[in-house]
Amino acid sequence: MEHVDWAYGLAKELLETTLPRRWAHTQGVAERASSLTPLLREEADTLIAAALLHDIGYAPDLVDTGMHQLDGARYLRDVASADRRLCRLVAYHSCADNEARQRDLFDVLAKEFDQEAPDLARALTYCDMTTSPDGRHVDVTDRLAEIHSRYGPEHVVSRSITDATPCIVSSVRSVEAALSDVRQADVG
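Values in this document were obtained by computation on a predicted structure and should not be read as measured data.

## Considerations on the overall build of the protein chain
And then number 1: On a plain count of helices and strands, the protein chain comes out with 11 helices and zero strands.
And then number 2: Along the protein chain, from the amino end to the carboxyl end, the secondary structure elements read α-α-α-α-α-α-α-α-α-α-α.
And then number 3: Radius of gyration (C-alpha) of the protein chain: 15 Å, near the 16 Å computed for a compact globule of 188 residues.
And then number 4: By the burial criterion, 49% of the 188 residues in the protein chain qualify as buried.
And then number 5: Within the protein chain, residue pairs in contact and separated by at least 24 positions form 67% of the contacts whose partners lie at least 6 positions apart.
And then number 6: Taken together, the 20 basic and 32 acidic charged side chains of the protein chain have centroids lying 2 Å from each other.

## Observations concerning the layout of surface pockets
And then number 1: Volume-wise, the largest pocket comes out at about 230 Å³.
And then number 2: Within the residue set of the lining of the largest pocket, elements represented by two or more residues are helix 6 (84–92), helix 9 (118–129) and helix 11 (156–187).
And then number 3: The leading source of residues in the lining of the largest pocket is helix 9, at five residues.
And then number 4: When its residues are assigned to classes, the lining of the largest pocket shows eight nonpolar, five polar and four charged.

## A closer look at the packing of helix 2 (residues 20–35) against helix 9
And then number 1: Close contact between helix 2 and helix 9 brings their axes to 8 Å; oriented N to C, the two are set at 130°. It follows that helix 2 is oblique to helix 9 by the angle criterion. Two packed elements cross with a definite hand, and for helix 2 against helix 9 that hand is right-handed. Touching His25, Val29, Arg32 and Ala33 of helix 2 are Tyr126, Cys127 and Asp128, all from helix 9.
And then number 2: Here the contact of helix 2 with helix 9 is built from residues that sort into four nonpolar, one polar and two charged.

## Remarks on the packing of helix 1 (residues 2–15) against helix 2
Packed helix pairs are specified by the crossing angle of their axes together with the interaxial distance, meaning the distance between the axes.
And then number 1: The geometry of helix 1 relative to helix 2 is characterised by a closest axis approach of 9 Å and an angle of 160° between their N-to-C directions. It follows that helix 1 is roughly antiparallel to helix 2 by the angle criterion. Every residue of helix 2 that contacts helix 1 at Tyr8, Ala11, Lys12 and Leu15 is listed here: Pro20, Arg22, Trp23, Thr26 and Gln27.
And then number 2: Taken together, the residues that form the contact of helix 1 with helix 2 break down as five nonpolar, two polar and two charged.

## Things to note about the packing of aromatic side chains
And then number 1: Taken as a whole, this structure holds one aromatic pair when the rule is applied.
And then number 2: In this arrangement the basic side chain of Arg22 is found over the ring face of Tyr58, its NZ or CZ atom lying 3.8 Å from the centre.
And then number 3: The ring of Phe106 carries the charged tip of Arg101 above its face, separated from the ring centre by 4.4 Å.

## Points about the environment of Ala30
And then number 1: Mapping Ala30 onto the fold places it in helix 2.
And then number 2: Residues Ala30 and Glu116, 86 residues apart in the sequence, show an inter-C-alpha distance of 18 Å.
And then number 3: In this view, Ala30 contacts Ile48, Ala51 and Leu52; residues no more than four positions away in its chain are not counted.

## Section: the nonpolar core
And then number 1: Among the nonpolar cores identified, the biggest contains 57 residues, and Leu36, Leu47 and Ile56 are the most heavily contacted of them.
And then number 2: Secondary-structure elements contributing two or more residues to this core are helix 1, helix 2, helix 4 (44–53), helix 5 (68–78), helix 6, helix 9, helix 10 (140–151) and helix 11.
And then number 3: Among all residues touching Leu36, those that are not within four sequence positions of it are Leu47, Ala123, Tyr126, Cys127, Val175 and Leu179.

## Re unusual backbone geometry
And then number 1: Even without a glycine there, the phi angle at Arg41 is positive, about 50°.
And then number 2: Structurally, Arg41 is set in the loop between helix 3 (37–40) and helix 4.
And then number 3: On the basis of relative accessibility, which here comes to 55%, the residue Arg41 falls in the exposed class.
And then number 4: Positive phi, close to 60°, is recorded for Cys95, a residue that is not glycine.
And then number 5: Mapped onto the elements of the fold, Cys95 is located in the loop between helix 6 and helix 7 (97–102).

So, how was this worked out
- Residues numbered from 1 in each chain as written.
- Predicted model: local features only at pLDDT ≥ 70, side-chain atom pairs only at ≥ 80, totals over all residues.
- Heavy atoms only, no water.
- Helix = DSSP H or I, 4+ residues; strand = E, 2+ residues; numbered from the N terminus.
- Rg over C-alpha atoms; globule rule 2.2 N^0.38 Å.
- Buried < 20%, exposed > 50% of the residue type's maximum accessible area, 1.4 Å probe, protein only.
- Contact = heavy atoms within 4.5 Å.
- Lys, Arg positive; Asp, Glu negative; His and termini not counted.
- Charge placed at Lys NZ, Arg CZ, Asp CG, Glu CD.
- 1 Å grid on protein atoms, 1.4 Å probe; cavity = no way out; pocket = protein on both sides within 12 Å on 5 of 7 lines; lining within 4 Å.
- Points joined across faces, edges and corners; volume = space filled by probe spheres on them.
- Nonpolar A, V, L, I, M, F, W, Y, C, P; charged D, E, K, R; others polar.
- Axes fitted to C-alpha atoms, helices over the stretch in contact; angles between N-to-C directions.
- Parallel < 35°, antiparallel > 145°, perpendicular 65-115°, else oblique.
- Left-handed = near helix turned anticlockwise from the far one by under 90°.
- Phe/Tyr/Trp six-rings, centres within 6.5 Å; stacked < 30°, edge-to-face > 60°.
- Lys NZ or Arg CZ within 6 Å of the ring centre and 35° of its normal.
- Core = buried A, V, L, I, M, F, W, Y, C linked by side-chain atoms within 4.5 Å.

Okay, structure coming up:
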C-alpha cells in the first residue's frame with residue numbers, strides 16, 4: 001500500500017480542485033483496479049497506484065505537449081521521482097502509443113519511456129476504459145462512444161481512440177476473461 005497512499009495524495013492534490021470530474025473518474029479507475037486484486041495479487045499495489053496517477057497529465061500546471069499520458073509520466077519521473085514502473089504505465093496507458101503517433105510524439109514517447117509488462121498495461125486499460133468520466137463502471141463500448149461524443153470526430157483524441165479501439169477492446173476482454181477464470185476457480 002506504500003505506492004497507493006502516496007499516489008492518492010498526489011493525484012488528489014493535482015486534480016480534486018482544478019478538475020473535479022477528472023478526479024471522480026480517477027477514483028473510479030482506482031476502484032476498478034482494486035477489484036482486480038484477486039487477479040494481480042502482488043502487482044495490485046502498482047496497478048492501483050497507476051490508476052490513481054494515470055490522468056494527472058491533464059492538470060493545468062502539468063500540460064506541456066498536450067498528450068496527457070506523456071505529460072503525466074514526465075512529471076512523475078522528473079518532479080515526483082516516482083517508481084519507473086508507474087511512469088511507464090502512465091506514459092502508455094490505454095494504448096497511448098496511438099495518440100503519440102497522431103500527435104507526432106511517438107519517437108519522443110518511445111525514447112523517454114519503455115513499455116511496462118503487458119498484463120499490467122492491459123489491466124490499466126481495462127480500468128480506465130470501463131470507467132465513466134463520473135467514476136461509474138460502464139461497458140467499454142459505451143466508454144469509447146462517450147469519448148468520441150465529448151471530443152468530436154476530427155479531434156486528435158477521437159482519431160487516436162479510433163486507431164486504438166482494437167487494442168482497447170482486446171485488453172478489456174482479456175482482463176474480463178481472466179477475472180472470470182479467477183472467480184470460477186475460487187468457486188470450484
